[in-house]
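Observations on the model geometry
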Amino acid sequence: MLVLGFESSCDETGVALVKVPEQGAPQLLAQALHSQISMHQAYGGVVPELASRDHIRRVLPLTREVLSQAQVSLQDVDVIAYTQGPGLAGALLVGAGVAVALAAALEKPTLGIHHLEGHLLSPFLSADAPEFPFVALLVSGGHTQLMRVTEVGHYEILGETIDDAAGEAFDKSAKLLGLPYPGGPHLAKLALSGDALAFTLPRPLLHSGKPDFSFAGLKTAVLTQVKRLGDSPSDQQKADLAAATQAAIVEVLVKKSMLALKQTGLKRLVVAGGVGANSLLREQLNAACAKRGVRVHYPELSLCTDNGAMIAMAAAMRLQRGVATLQPGQAGAGGFEVRPRWPLDMRVA
Ligand code: ATP
Ligand code: MG
Ligand code: FE
């Protein structure tokens, strides 16, 4: 069985083709991605209307690229998956609209996928794929959650952020330091030449005893330091502040992940989402997990941020386990729905 997947929830247009064998792990045959980052950079963040228009421009050429890479024709595709939510409504509608239209033309079913389920299952695309059950640390631009994952579709949220997401904390702090959008990777790079001990920043909720997070106060603390440095901070001061910010975010993520592992008694951690690409986070999680005999899994670096492969993979894993509600793709089969707001624990098998 072949699954074609579309991702268009925010500022990346992703298309991918995954093969679902009778037995064994699904296999990524081809993928193509277009990031709109350079387009939105001038505005310091994602402009929803521009995002939707660009998805429209990119989605069909990317689809052709994927099919030609895999040497497969559209008629060979069995199921068309797309990100149904959460995300920007107009952006989601592009992927959903194309998927449903293709499905109607081909008379093949569609499958709406939860974007965070895609992130969560993206480590299954790595050579060292995890096994269920595990604790998942989902750290993306819009979400920061710790979950107990017992199987595909069984997601129990153990704790989450009460305000900003970890990626947001990276991005907002980076903006205060004058770095381009999205700031996470830029801040991480600048931090390499900085001394994290040069500034003292808060670790909100570190000792709350629960796997919950709060990052809004950290951003305010960074703002206070930026103001204190005045109009012309030195490159070293900026690097030091970047390092201190990163250290604060990473320490909280690591400590809370260890708490969730302790509370659940699970011995496996799966990290997913854009911030999962951060090398200090990986280094410190590796060390903390090694100490506790916990196995830790990450997505490949290129699959941490949004992509089509994770959507096609999530669809494939659902199909293999028979936990997929397929919509018939027939002309006149009815409308479709996107879900801009959609908690993952509502997405049960
Ligand atoms: P969501 O999935 O919650 O809807 P999103 O799709 O925007 O949000 P992702 O694509 O998973 O989020 O991740 C983007 C985020 O990851 C951005 O905030 C970005 O700054 C951050 N990020 C990417 N690479 C790094 C890195 N190396 N270090 C820190 N942050 C990073
Ligand atoms: Mg993005
Ligand atoms: Fe995402």
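Residues numbered from 1 in each chain as written. Chains lettered and ligands numbered in written order. Predicted model: local features only at pLDDT ≥ 70, side-chain atom pairs only at ≥ 80, totals over all residues.

What follows deals with the nonpolar core. The biggest cluster of nonpolar side chains holds 114 residues, and the ones touching the most others in it are Ala81, Ala312, Met313 and Ala315. No other element matches helix 8 (residues 235-264), which puts 15 residues into this core. Residues from two domains meet in this core; each of domain 1 (2-121 + 304-346) and domain 2 (131-298) gives at least three. Setting aside its immediate chain neighbours within four residues, alanine 81 contacts Val3, Leu4, Gly5, Leu111, Ile113, Ile311, Ala312 and Ala315. (Core = buried A, V, L, I, M, F, W, Y, C linked by C-beta atoms within 7 Å. Buried ≥ 20, exposed ≤ 12 C-beta atoms within 10 Å, placed from the backbone. Helix = DSSP H or I, 4+ residues; strand = E, 2+ residues; numbered from the N terminus. Domains from an automatic or database assignment. Contact = placed C-beta atoms within 7 Å.)

Relative orientation of the contacting elements helix 6 (residues 183-191) and helix 8 amounts to 115°, with a least axis distance of 7 Å. In the packing of helix 6 onto helix 8, the handedness of the crossing is left-handed. Contacts between helix 6 and helix 8 involve Leu187, Ala188, Leu190 and Ala191 from the first element and Lys238, Ala239, Ala242, Ala243, Thr245 and Gln246 from the second. Across the contact of helix 6 with helix 8, the residue classes break down as 7 nonpolar, 2 polar and 1 charged. (Axes fitted to C-alpha atoms, helices over the stretch in contact; angles between N-to-C directions. Left-handed = near helix turned anticlockwise from the far one by under 90°. Nonpolar A, V, L, I, M, F, W, Y, C, P; charged D, E, K, R; others polar.)

Glancing now at the domain arrangement of the protein. Segmentation of the protein into domains returns domain 1 (2-121 + 304-346) and domain 2 (131-298). Computed over C-alpha atoms, the centres of domain 1 and domain 2 are 28 Å apart. Counting from both sides, the interface comprises 16 residues of domain 1 and, opposite them, 19 residues of domain 2. Mapped onto the side of domain 1 that touches domain 2, the elements with two or more residues apiece are helix 1 (37-41), helix 4 (115-121) and helix 10 (308-321).

The immediate surroundings of ligand 1 are formed by 23 residues, with Gly141, Gly142, Gly167, Gly184 and Gly274 found nearest. Contributions of two or more residues to the shell around ligand 1 are made by helix 4, helix 5 (166-176) and helix 6. Within the shell around ligand 1, the residues separate by chemical class into 7 nonpolar, 14 polar and 2 charged. Shared between two domains, the shell around ligand 1 takes at least three residues from each, and those domains are domain 1 (2-121 + 304-346) and domain 2 (131-298). (Near = placed C-beta within 6 Å.)

Glancing now at the sheet that holds strand 6 (residues 134-139). Spatially, 8-7-6-9-10 is the arrangement adopted by the 5 strands of the open sheet, whose pairing is mixed. Single-partner strands in this sheet number two, and they are strand 8 (154-160) and strand 10 (295-297). Each neighbouring strand pair of the sheet contributes to a mean axis angle of 25°, computed without reference to strand direction. Relative to strand 8, strand 7 (residues 144-151) is paired through 6 bridges, and the arrangement is antiparallel. For glutamate 151, the partnering residue across the bridge sits in strand 8 and is histidine 154. Packed onto the sheet, helix 8 meets strand 6, strand 7, strand 8 and strand 9 (268-272) and runs at close to 155° relative to strand 6. (Pairing = 2+ DSSP bridges.)

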